[in-house]
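Fold and geometry: a report
One-letter residues, chain by chain:
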Amino acid sequence: MISISEDPDEDNTERVEMLWNSRIETLFRHWATECKEYAKIHNVMAKRKKCIHRSLGIPAIIIPLIMASFMQVYNEDHALSPYVNSLGYLLSGTLTGISTFINYSGQYEKHYFSEIRYQELYTDIQSLLIKPKKDRQPADVCIERVKLRIQHINEYAPDI
């Protein structure tokens, strides 16, 4: 007969904590460096996508305004009216279509959010490493927590 304390399904309340050592701290420094680099890359990508979004969006707004002004100054009987309208509709439709289909605004927001998440994790790791070892959580708990956060951020981060 098995006693309650020998039951293999029972939790061990005398768990030995994993102690911090230089290899573990090196791993955390490596993760912090990666987070900082990914934050920088996502920042650059966000700025690039934002610039493209504005480059497509602003002309798509201005072109119809120019067309309307042209039509107010010159009536529809002017020889250039059909060409201005055709070219204006073509350009504004093309720019709007590209912007909508590729969704640069959504892409730059995702990159900014990924930058923020990587930067937060970098700060958390730095805050963890600055503490004396005796004041830290057990190493295995911290490793698992940070590893899961990295995986989560990587899963939802847009491609770079």
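All of the points below concern the structure found in this document.

What counts, and at which threshold
The written sequence of each chain sets the order in which its residues are numbered from 1. In keeping with the predicted nature of the model, local features appear solely for residues at pLDDT of at least 70, side-chain atom pairs appear and are counted solely at 80 or more, and the whole-chain, interface and lining totals rest on all residues. Note that the side-chain values use all heavy atoms of the structure and ignore hydrogens as well as water. By definition here, a salt bridge exists when the distance from a side-chain nitrogen of Lys or Arg to a carboxyl oxygen of Asp or Glu is within 4 Å. Helix numbers and strand numbers start at the N terminus; a helix is a DSSP run of H or I with at least 4 residues, a strand a run of E with at least 2. Remark: exposure states derive from per-residue accessible area (1.4 Å probe, protein chains only) relative to the maximum for the residue type, with buried under 20%, exposed over 50%, and partly exposed in between. Working definition of a nonpolar core: buried Ala, Val, Leu, Ile, Met, Phe, Trp, Tyr and Cys residues. They are joined through side-chain atoms within 4.5 Å. Contacts: residue pairs with any heavy atoms within 4.5 Å of one another. Throughout, an axis means a line fitted to C-alpha atoms (over the contacting stretch in the case of helices), and angles, computed between N-to-C directions, take values from 0 to 180 degrees. Should an angle lie under 35 degrees it is considered roughly parallel, over 145 roughly antiparallel, and from 65 to 115 roughly perpendicular; all remaining angles are considered oblique. Left-handed describes a crossing whose near helix is turned anticlockwise from the far helix by less than a right angle; the clockwise case is right-handed. Amino acids outside the nonpolar list (Ala, Val, Leu, Ile, Met, Phe, Trp, Tyr, Cys, Pro) and the charged list (Asp, Glu, Lys, Arg) are all regarded as polar, and Gly is one of them. We call Phe, Tyr and Trp rings a pair once their centres come within 6.5 Å, taking the six-membered ring for Trp, and we label the pair stacked below 30 degrees between planes, edge-to-face above 60, and tilted otherwise. Patches were defined on residues exceeding 30% relative accessible area and lacking a salt bridge, with like-charge contacts within 9 Å and nonpolar side-chain contacts (Val, Leu, Ile, Met, Phe, Trp, Tyr) within 5 Å. In these tables, accessible area is a Shrake-Rupley quantity obtained with a 1.4 Å probe, and a residue counts as shielded only by the protein chains included in the view.

This paragraph deals with the pattern of salt bridges. Inspection of the entire model under this criterion finds five salt bridges. Linking R149 and D124 is a salt bridge whose minimum nitrogen-to-oxygen distance equals 2.6 Å. With R149 in helix α4 (residues 139-156) and D124 in helix α3 (residues 104-130), this pair connects stretches of sequence that are 25 residues apart. Under the relative-accessibility criterion, R149 is labelled partly exposed at 27%. A relative accessible area of 36% places D124 in the partly exposed class. Of the charged contacts in the structure, one is a salt bridge between E144 and K147, with a shortest N-O distance of 3.5 Å.

Counting 20 residues, the largest nonpolar core has W20, F28, W31, L121, I125 and V146 as the members making the most contacts within it. Listed by contribution, the elements that provide at least two residues to this core are α1 (22-73), α3 and α4. With residues up to four places along the chain from it excluded, the contact list for I125 reads F28, W31, A32 and V146. Counting six residues, the second-largest nonpolar core is a separate cluster that includes L56, I63, L95 and Y104.

Now for the packing of α1 against α4. The relative placement of two packed helices is expressed as an angle between their axes plus a distance between the axes. Closest axis-to-axis distance for the α1/α4 pair is 11 Å, and the angle between their directions is 20°. One finds that α1 runs roughly parallel with respect to α4. By crossing handedness, the relation of α1 to α4 is classed as left-handed. Residues I24, F28 and W31 of α1 touch α4, and the partners they reach there are A139, C142, I143, V146, K147 and I150. Per-class residue counts for the contact of α1 with α4 are eight nonpolar, no polar and one charged.

This next bit is on the packing of aromatic side chains. Taken as a whole, this structure holds four aromatic pairs when the rule is applied. Of the aromatic side chains, those joined through ring pairs into one cluster are W20, F28 and W31.

Attention now goes to the side chain of N43. As for its position among the elements, N43 is in helix α1. Classification of N43 by relative accessible area gives buried; the value is 18%. Once residues lying within four places of it in the same chain are set aside, the contact partners of N43 are Y112 and E115.

Our focus in this paragraph is the environment of Q72. If you trace the backbone, Q72 turns up in helix α1. Along the chain, Q72 and I58 lie 14 residues apart, while their C-alpha atoms are 22 Å from each other.

A cluster of nonpolar side chains, contributed by I58, I61, I62, L65 and I66, occupies part of the molecular surface with about 480 Å² of accessible area. Mapped onto the elements, I62 comes out in helix α1. For I62, a relative accessible area of 39% puts it in the partly exposed group.

Glancing now at the packing of α1 against α3. Contact pair α1 / α3: the axes reach a minimum separation of 7 Å and the direction vectors enclose 160°. Taken together, the axis directions place α1 and α3 in an arrangement best described as roughly antiparallel. Note on packing geometry: the crossing formed by α1 with α3 is left-handed. Among the residues forming the contact of α1 with α3, the class breakdown is 19 nonpolar, nine polar and seven charged.

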